[in-house]
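Chain and residue survey
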Amino acid sequence: MAARFKRLINQPENILSEMLEGFAAAYSHIVRLTDEGLIVRRQPKEEGKVGLVIGNGSGHEPAMIGWVGEGLFDVNVPGPIFTAPGPAKLLQGIRAADHGAGVLVCVSHHAGDLMTAEAALMDAEEEGLENVEMVVLYDDISSAPKGREGERRGTVGLFFVWKMLGAFAETSGDLAACKAVAEKIRDNTRSLSMALDTCTNPITGELMFELAQDEIEIGTGVHGEAGMYQGKLLSADETIDLMLQPILEDLPFTREDEVCVLLNNAGSMTLMELSILYGRVSEILNENGIRQYRGWIGSYATTQEMAGFGLSLCRVDEQLKALYSAPANGAWFR
Amino acid sequence: MNERAIIVEEKEQLNGSNWVAIIRAMEAAVTAQKEDLSRLDAKVGDGDHGINMAAGLTKAASKVEQLSQPTPSMVLKTTGSSLMNDMGGASGMVFGAFFRGCANAVKDIKALTRQDIGQMLSAALAYVEKRGKVQPGDKTMVDALAPAVSAYKDAINNGLGLQDALGSAADAAKAGALSTVEMVAKVGRAKFLGERSLGHQDAGATTMALLFSAWVNCLDDQSCR
């Protein structure tokens, strides 16, 4: 396993447009690519329901183009590779997501995404677009200490926000209630990610970060930002033991809690490895008397061919369990 | 003011056409350095700063060249909007905010005097700090911009002309960019490196310094006159 220097692309400057065209052609029964370069639902949500939109840098597929569809997002505004789209494009996305009951702009907490959303909201207000709100989402416990949760960045655990908020907004005409649900899910979610091996930037062809052959890193962001632990390669069980404990302590998750669990593939992990890792997670949760409502293993947000995974827990109550189990139909999540 | 002083004063002003040429000079300087800037970014970010900045400025420069009867404010605003929207990302937003902040401060002025430019740079710095929520010492482009603005104002107050004042601003920006090597990042992706961001020069600050040196160089060699 190593960063992949061979890639099947055409011109680097056409990566985004060619990816979107191919994606929309394959899933034309679910999504449509607009002239402005937005991914929208083929069949728009009915009038009077809150619209959900998110802008993000591309290169993390299935996130977020694969998450547009029934029970999920109304609109995705894909930016250049690893780069947030500009505010003008996000504003187009806000307009496209408007079905008469307001629009919630979801922001995965990163500097570029936040500044872009703030600027787009100011422009929306100047244009007289009413009922547009923003919710800032974060989950990664390695990026700021407990007590300063608002400084943490958005990583793999936002999976739970998209799934459950998407289900809620499918039937809700109340923008404030949607925002409150998003914050409730966020405030019950904690995550930590790790990398076994680096990857290359598809535009430059250069390594995204460096990692010694026999070392791993725990606490990586979705762009391979450096994290909190660098050390020798460990076994699957040892790796989970090191990662799960700080997650449990941070919220904290306690006996009798019920949780959904995500193991997200950062790129080139095998389902075999992830299933082995999941087994250890399940074992520890059982030992701690924490009940598992649902687990999910797979690729939600990737960083190209990076080897590594993200572990996330979301504490659920009856409302969130119902939202988690509600139908969803995106091209790459259902 | 005697006749000669008036001529000097007029020659010192920068009108819309001068600004179109300055933006092009800035683009050329960043494009020439884009690989090195990306390599700096790879130490603490995702290694695409130079490529993105060069692409953003190339688009911005071609947009300002299409403006008819441009004023300084039009050129600066078009550049800022283009960086925000065509380039995107945190860098697009903060460098866009720099040019938009400049534009806001010089509305309705057809040709900028050295005093106008001093006010413009102060306003742009304030705007970047507000929009980007950054301060000197955070290891960002502000660490090149803030000392450049101070140096420029000191130079003007000491009676220096536009070119010399910009020269000292460019020197201060370069020194400011170098000083980021000793800083721990407090914002952006590099923040998550903590102490490990020490020892690396900030790519954004380096680009900011490059913009100032391109500006003064094109005045020196008359290419933006």
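No experiment lies behind these values; they were computed from the predicted model shown.

Residue and element names in this part refer to chain A. Read across the sheet, six strands follow the order 1-2-5-3-6-7 without closing on themselves; strand pairing throughout is mixed. The open sheet has two edge strands, strand 1 (31–33) and strand 7 (132–137), and neither has a second partner. Between one strand and the next, the sheet's axes are offset by a mean angle of 25°, whatever the strand orientation. Pairing of strand 2 (residues 39–41) with strand 5 (residues 75–81) involves two bridges; the strand directions are antiparallel. For I39, the partnering residue across the bridge sits in strand 5 and is N76. Against the sheet, helix 3 (residues 111–126) contacts strand 3 (49–58), strand 6 (100–108) and strand 7, and its axis sits at roughly 170° relative to strand 7.

Our next topic: the pairing of strand 6 of chain A. Both faces of the sheet carry side chains from a regular strand, because those side chains alternate between them. Residues and elements named next belong to chain A. Within strand 6, eight of the nine residues are buried, leaving the element largely enclosed by the surrounding structure. Note: strand 3 against strand 6, five bridges, orientation parallel. Note that in strand 6 the partner of V53 across the bridge is V105. The pairing of strand 6 with strand 7 spans six bridges and is parallel. From the neighbouring strand, V105 faces strand 7, where its bridge partner is M134. Between strand 6 and its parallel partner strand 7, the chain crosses via helix 3, and the hand of that crossover is right-handed.

Now for the interface of chain B and chain A. Listed by partner, the interface residues are 24 residues for chain B and 30 residues for chain A. Around 2100 Å² of area is buried between chain B and chain A when both sides are counted, 54% of it from carbon and sulfur atoms. Taken together, chain B and chain A are joined by one salt bridge. Here K133 of chain B makes a salt bridge to E118 of chain A, at a shortest N to O gap of 2.9 Å. The tally of links from chain B across to chain A stands at four residue pairs in polar contact (both at pLDDT 80 or more). Taken together, the elements giving at least two residues each to the side of chain B that touches chain A come down to helix 4 (49–65), helix 5 (72–87), helix 6 (89–105) and helix 7 (114–132) of chain B. If you tally residues by element for the side of chain B that touches chain A, the top one is helix 6 of chain B, at four residues. A class-by-class count of the residues in the side of chain B that touches chain A yields nine nonpolar, eight polar and seven charged.

Parameters at a glance
Residues numbered from 1 in each chain as written. Chains lettered and ligands numbered in written order. Predicted model: local features only at pLDDT ≥ 70, side-chain atom pairs only at ≥ 80, totals over all residues. Heavy atoms only, no water. Pairing = 2+ DSSP bridges. Helix = DSSP H or I, 4+ residues; strand = E, 2+ residues; numbered from the N terminus. Axes fitted to C-alpha atoms, helices over the stretch in contact; angles between N-to-C directions. Contact = heavy atoms within 4.5 Å. Buried < 20%, exposed > 50% of the residue type's maximum accessible area, 1.4 Å probe, protein only. Right-handed = clockwise from strand over helix to strand, strands pointing away. Buried area = accessible area lost by both parts, 1.4 Å probe. Salt bridge = Lys/Arg side-chain N within 4 Å of Asp/Glu carboxyl O. Polar contact = N/O pair within 3.5 Å; in protein donor to acceptor, adjacent residues only side chain to side chain. Nonpolar A, V, L, I, M, F, W, Y, C, P; charged D, E, K, R; others polar.

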